[in-house]
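# Report on the structure
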Amino acid sequence: MTVRDAAVDSALEKWRGRLPEWAFAEPFLAPLHRERAAAWFALRDELTHAAWGGADPRPGEAKLAWWAEELQGWSRGVRRHPLGIVLQREPAAWHALAATLPSLIASRERASSEDEAFAKLEPFAEGVSTIASTLFSGGEPAPTRSVVAALLAKRVVSEDAMPPLQFVAKAGGNADPSAASRLWAGRLHELWPLPHGGSVAGRLHASLIHERLRLFANGAGPHDRPLPAWRALFTAWRAARR
């Protein structure tokens with residue numbers, strides 16, 4: 001293994017640990033697309049985990065400030081992070097994604113309503129959609145609202161769900177602590193139709209998160225439980241066929 005390969009593999013390992021089901025989805029991608037897809041989803045995970053993870057927001061804010069500089073550097077042909085070894089050479093609007101990171105930081109705070117939760121993430125979702133279109137399909141970017149729903153779903157199944165206050169009120173003061181999160185998960189599931197077009201990589205990733213969200217909303221275990229192997233494989237197979 002070369003130093004380059006080791007650096008990239010190490011950068012991808014954290015993301016694979018948070019979405020182990022990807023091992024069952026990846027074989028449905030063409031071999032030449034696998035590393036690019038994994039690097040892109042790992043980058044998204046780096047950014048969202050920095051914004052939403054941990055009890056103290058300050059380390060994440062500092063990390064996202066670093067990432068803003070890094071993404072600006074990718075647009076100029078320079079890189080520091082190993083993910084840039086795979087992604088920086090792609091002709092994507094990395095500077096535009098960097099400009100949306102303040103909206104991602106703002107989305108950490110609990111929203112009062114569903115509408116506010118969506119509005120906070122719209123700029124970042126637009127950046128994500130534009131980059132994904134460049135990396136995988138070259139067609140029209142995915143609808144912003146669908147991308148926002150996918151990002152909020154990802155937060156539910158991998159971080160602190162932080163449901164808007166309207167769902168906390170709906171669950172009631174004496175409800176189980178997870179009740180508001182499950183109500184929020186159910187609402188996101190309603191709002192987020194699975195994609196039937198676009199890239200195979202995008203459909204595979206979205207389908208795994210969508211299935212995790214569905215199971216959590218229906219009361220099947222904790223929010224961060226990975227899909228069983230058979231369910232992950234079946235979910236990926238259906239996504240690849242759409």
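Described in the following lines is the structure provided in the data block. (Residues numbered from 1 in each chain as written. Predicted model: local features only at pLDDT ≥ 70, side-chain atom pairs only at ≥ 80, totals over all residues. Heavy atoms only, no water.)

### Focus: the packing of aromatic side chains
- In total, this model carries 10 aromatic pairs according to the counting rule given.
- For the pair tryptophan 22 and phenylalanine 41, a centre-to-centre distance of 5.4 Å together with 70° between the ring planes defines the contact as edge-to-face. Note that tryptophan 22 is positioned in helix α2 (residues 22–25) and phenylalanine 41 in helix α3 (residues 31–52), a separation of 19 residues in sequence. Side by side, tryptophan 22 and phenylalanine 41 carry an identical accessibility label, which is buried.
- When the ring of tryptophan 66 is compared with that of tryptophan 67, the centres are 5.3 Å apart and the planes differ by 90°; the resulting orientation is edge-to-face.
- Exposure remark for tryptophan 67: the relative accessible area of 1% places this residue in the buried category. (Phe/Tyr/Trp six-rings, centres within 6.5 Å; stacked < 30°, edge-to-face > 60°. Helix = DSSP H or I, 4+ residues; strand = E, 2+ residues; numbered from the N terminus. Buried < 20%, exposed > 50% of the residue type's maximum accessible area, 1.4 Å probe, protein only.)

### Considering the layout of surface pockets
- Approximately 580 Å³ is the volume found for the largest pocket.
- Taken together, 30 residues make up the lining of the largest pocket; nearest its centre are Ala132, Ala142, Val147, Pro195 and Gly202.
- Within the residue set of the lining of the largest pocket, elements represented by two or more residues are α3, α8 (114–137), α9 (144–158) and α12 (200–217).
- It is α8 that provides the largest number of residues to the lining of the largest pocket, a total of 6 residues. (1 Å grid on protein atoms, 1.4 Å probe; cavity = no way out; pocket = protein on both sides within 12 Å on 5 of 7 lines; lining within 4 Å. Points joined across faces, edges and corners; volume = space filled by probe spheres on them.)

### Section: a nonpolar patch on the surface
- Together, Trp230, Phe234 and Trp237 make up a nonpolar patch on the protein surface, roughly 360 Å² of accessible area in all.
- Considering the arrangement of structural elements, one finds tryptophan 230 in helix α13 (residues 229–241).
- You can call tryptophan 230 exposed: its relative accessible area is 56%. (Patch = residues over 30% accessible without salt bridge, like charges linked within 9 Å, V, L, I, M, F, W, Y side chains within 5 Å. Areas by Shrake-Rupley, 256 points an atom, 1.4 Å probe, with all protein chains shown as cover. Salt bridge = Lys/Arg side-chain N within 4 Å of Asp/Glu carboxyl O.)

### Some words on empty space enclosed by the protein
- Tallying each qualifying case throughout the model produces 2 cavities of 30 Å³ or more.
- If you add up the space inside the largest cavity, you get close to 140 Å³.
- Forming the walls of the largest cavity are 14 residues, and the residues nearest its centre are Trp15, Asp45, Lys154, His205 and Ile209.
- Where the lining of the largest cavity is concerned, the elements lending two or more residues are α1 (3–18), α3, α9 and α12.
- Taken together, the residues of the lining of the largest cavity sort by class into 6 nonpolar, 3 polar and 5 charged.
- Taken as a whole, the second largest cavity encloses approximately 110 Å³ of empty space.
- Lining the second largest cavity are 14 residues, and of these Ser107, Glu109, Ala117, Leu152 and Arg155 sit closest to its centre.
- Elements supplying a minimum of two residues to the lining of the second largest cavity: α8 and α9.
- Ranked by the residues each element gives to the lining of the second largest cavity, the list is headed by α8, at 3 residues.
- The residue inventory of the lining of the second largest cavity, partitioned by class, reads 9 nonpolar, 1 polar and 4 charged. (Nonpolar A, V, L, I, M, F, W, Y, C, P; charged D, E, K, R; others polar.)

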